[in-house]
Amino acid sequence: MAFGKKADAAGLTVDFDAIYRDLIAPAIDAAGLEALRADEEQGGGIIHKPMFERLMLCEYSVAALTTANANVFYELGVRHAVRPWSTVLVFAEGARLPFDVAPLRAIPYHLTSVGLPASDATARQMLTERLREARDPQPDSPVFQLIEGWRAQEIDRLKTDVFRDRVRYSARIKERLADARRHQQGTERLRAIEEELGPIADVESGVVVDLFLSYRAVKAWGDMIALVAKMSPPLAATVMVKEQLALALNRAGQGERAEQVLTELLERRGPSSETYGILGRVYKDRWEAALRRGEDRLAGGLLDKAIGAYLRGFEADWRDAYPGVNAVTLMEIRDPPDRRREELLPVVAYAVARRIAAGKPDYWDHATRVEMAVLARDEAGATAALADALAAVREPWEPETTARNLRLIREARARRGGDLSWATAIEEELERKWKT
């Protein structure tokens, strides 16, 4: 299946992570099976070795055909060529399937107007039933149905057993990584796990990415940077790894190199709210550094570049409030303030409200509400949103970032004679959260 959010032919942005989480995975679980998804790369692209292993060795497979994603159809073709049965197809009702797969037996499901799977349980029940039926070996591959004499390749049972063992091993490693992230000596424990894994280029991509993001969780920026050099080239070239490498480079004081990684990624892949959001942070950090050195003219130029990057990120995806609120915050800090913030504020507020109403908000959604309330001088609203934000913290650097933004807003207002002294208590609570 596709990962992340992708637009269909009608322009609707479909949330494939929500489809997996709310439709496919629960149906697989209800059928007595275990869901496994190669979700190490949300921006597209597949790491080929585990992809082929899963297509050939997994006894059951679900293919989500919505948006006619080229990668998905290539993978489905490989699966149909090597597995006569146990491949189940799903698609969004109303989507037009390509000619070659249109006659195949596929399960339709409904999408809401915002690209989420509808809460109707019918499609989930149908998928569960179809997976149970798949245990009875009846050919569902058109290759085996239509080509006389085409035989399935015998797969050495040992290969299947090794594959299963490796999947279980990966799950155990991920549990250890999660424990290490919570430990006071997290960095040392993560390094020990990396040492045990052996050559990183040969380790399953999902484990490597989990290790990579675990280093991020403990703010081991140098270890993140070093790990990328050890990855297999296809994994190191993925969008997510490139973005997070840039984040680590910036945090390690290598802002110019981080900027280069991000600008090359934008040239190659086009606008992205995430990529522009990280680029905005790079310029923002360089702006603060220039201020500390007393280089006011340079600082002004860097502040405008940061605002521009965040604004382009918000324009790339209006539903992602994170770059939007950062643009508004920096517009407020600018001297004189950028008048565009007055037009942007209600748009950002609507974007975050819709994300929270969709029922799957994360830390950044609640943190955005905190910042918006501080910008609006709404002490009660900021305090209420703070409680939700603190409960949603995943990694210590998240509240650190929010506290820093609030400090910048408060100091800018103070320079103009305003008073946001009440926001100091909110900053302090956020700081206590990331320090613990």
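We now turn to the structure provided with this report. Here the structure is a predicted model, which means the values were calculated and not measured.

## Focus on the overall build of the protein
Working step 1: The number of helices and strands found in the protein is 20 helices and 5 strands.
Working step 2: Here the C-alpha radius of gyration of the protein, 24 Å, is about what a compact globule of 436 residues would show, namely 22 Å.
Working step 3: Here the C-alpha coordinates of the protein stretch approximately 85 × 50 × 40 Å along the principal axes.
Working step 4: Here the protein holds 436 residues, and 49% of them are scored as buried.
Working step 5: Residue pairs at least 24 apart in sequence account for 64% of intrachain contacts in the protein once pairs closer than 6 positions are excluded.
Working step 6: Surface summary for the protein: the accessible area is close to 21800 Å², and the carbon and sulfur share equals 50%.
Working step 7: Mean positive and mean negative side-chain charge positions of the protein (63 and 68 charges, respectively) differ by 1 Å.

## Thoughts on helix 19 (residues 397-415)
Working step 1: Look at helix 19: 27 Å from first C-alpha to last across 19 residues, which is about the 27 Å you get at 1.5 Å a residue.
Working step 2: Backbone geometry just downstream of helix 19 places Gly-417 in the positive-phi region, at approximately 90 degrees.

## Things to note about the packing of helix 13 (residues 273-292) against helix 15 (residues 321-333)
Working step 1: One way to put it is that helix 13 packs onto helix 15 with a least axis distance of 10 Å and a crossing angle of 25 degrees. The orientation of helix 13 with respect to helix 15, classified from their angle, is roughly parallel. For helix 13 against helix 15, the interelement crossing comes out left-handed. When helix 13 is examined against helix 15, the residues Ser-273, Lys-284 and Trp-287 are found in contact with a partner set consisting of Pro-323, Asn-326, Leu-330 and Ile-333.
Working step 2: Counted by class, the contact of helix 13 with helix 15 contains 4 nonpolar, 2 polar and 1 charged residues.

## Here's the deal with the sheet that holds strand 5 (residues 106-109)
Working step 1: Across the sheet, which stays open at both edges, the 3 strands sit in the order 3-4-5 with parallel pairing between neighbours. With one partner strand each, in any of the chains shown, strand 3 (61-64) and strand 5 form the two edges of the open sheet. This sheet shows a mean twist of 25 degrees between the axes of neighbouring strands, independent of strand direction.
Working step 2: Of the strand pairs in this sheet, strand 4 (residues 87-92) and strand 5 are connected by 4 bridges, and their pairing is parallel. When the sheet's bridge partners are listed, Leu-89 is paired in strand 5 with Ala-106.
Working step 3: Set on the sheet, helix 1 (residues 16-30) makes contact with strand 3, strand 4 and strand 5; between it and strand 3 the angle comes to about 155 degrees.
Working step 4: Each of strand 3, strand 4 and strand 5 is contacted by helix 4 (residues 122-133), which is oriented at about 160 degrees to strand 5, the strand it contacts most.

## Side note on the environment of Arg-355
Working step 1: Tracing the backbone through its elements, the reader meets Arg-355 in helix 16 (residues 340-357).
Working step 2: With relative accessibility at 24%, the residue Arg-355 sits in the partly exposed group.
Working step 3: Here the alpha-carbon distance between Arg-355 and Ala-321, two residues 34 residues apart in the chain, equals 8.7 Å.
Working step 4: If near-sequence neighbours (up to four positions away) are discounted, Arg-355 is found in contact with Lys-5, Arg-319, Lys-360, Pro-361, Asp-362 and Asp-365.
Working step 5: There is a polar contact of 2.6 Å between the side chain of Arg-355 and the side chain of Asp-365.

## Regarding the pairing of strand 4
Working step 1: The buried fraction of strand 4 amounts to 6 of the 6 residues, a majority that puts the element mostly inside the structure.
Working step 2: Here strand 3 pairs with strand 4 via 4 bridges, running parallel. In the strand pairing of strand 4, Ala-64 is matched with Val-90.
Working step 3: The handedness of the strand 3 to strand 4 crossover, carried by helix 3 (residues 70-82), is right-handed.

## Things to note about unusual backbone geometry
Working step 1: Omega for the bond connecting Asp-335 with Pro-336 falls within 30 degrees of zero, at 0 degrees, which places this linkage in the cis form.
Working step 2: Residue position: Pro-336 is located in the loop between helix 15 and helix 16.
Working step 3: Positive phi, normally seen in glycine, also occurs at Thr-67, with a value near 75 degrees.
Working step 4: With respect to the secondary-structure elements, Thr-67 resides in the loop between strand 3 and helix 3.
Working step 5: Located in the positive-phi region is Arg-377, a residue other than glycine, with phi close to 60 degrees.

## Some words on the side chain of Thr-128
Working step 1: Mapped onto the elements of the fold, Thr-128 is located in helix 4.
Working step 2: When neighbours within four sequence positions are excluded, Thr-128 is seen to be in contact with Ala-27, Ala-30 and Ala-31.

## Examining the pattern of salt bridges
Working step 1: Summed over all chains, the structure comprises 31 salt bridges.
Working step 2: Between Asp-17 and Arg-37 there is a salt bridge whose closest N-O contact spans 3.0 Å. Highlighted residues: Asp-17 in helix 1 and Arg-37 in the loop between helix 1 and helix 2 (48-57), separated in sequence by 20 residues.
Working step 3: For Asp-210, the salt bridge is made with Arg-181, and the minimal N-O distance between the two is 3.3 Å. Note that Asp-210 is positioned in helix 8 (residues 205-217) and Arg-181 in helix 6 (residues 157-182), a separation of 29 residues in sequence.
Working step 4: A relative accessible area of 18% places Asp-210 in the buried class.
Working step 5: Three or more residues are tied together by salt bridges with common partners; here these are Arg-281, Asp-285, Glu-288, Arg-404, Arg-407 and Glu-411.

The rules behind the values
Residues numbered from 1 in each chain as written. Predicted model: local features only at pLDDT ≥ 70, side-chain atom pairs only at ≥ 80, totals over all residues. Heavy atoms only, no water. Helix = DSSP H or I, 4+ residues; strand = E, 2+ residues; numbered from the N terminus. Rg over C-alpha atoms; globule rule 2.2 N^0.38 Å. Buried < 20%, exposed > 50% of the residue type's maximum accessible area, 1.4 Å probe, protein only. Contact = heavy atoms within 4.5 Å. Areas by Shrake-Rupley, 256 points an atom, 1.4 Å probe, with all protein chains shown as cover. Lys, Arg positive; Asp, Glu negative; His and termini not counted. Charge placed at Lys NZ, Arg CZ, Asp CG, Glu CD. Expected span 1.5 Å × (residues − 1). Axes fitted to C-alpha atoms, helices over the stretch in contact; angles between N-to-C directions. Parallel < 35°, antiparallel > 145°, perpendicular 65-115°, else oblique. Left-handed = near helix turned anticlockwise from the far one by under 90°. Nonpolar A, V, L, I, M, F, W, Y, C, P; charged D, E, K, R; others polar. Pairing = 2+ DSSP bridges. Polar contact = N/O pair within 3.5 Å; in protein donor to acceptor, adjacent residues only side chain to side chain. Right-handed = clockwise from strand over helix to strand, strands pointing away. Salt bridge = Lys/Arg side-chain N within 4 Å of Asp/Glu carboxyl O.

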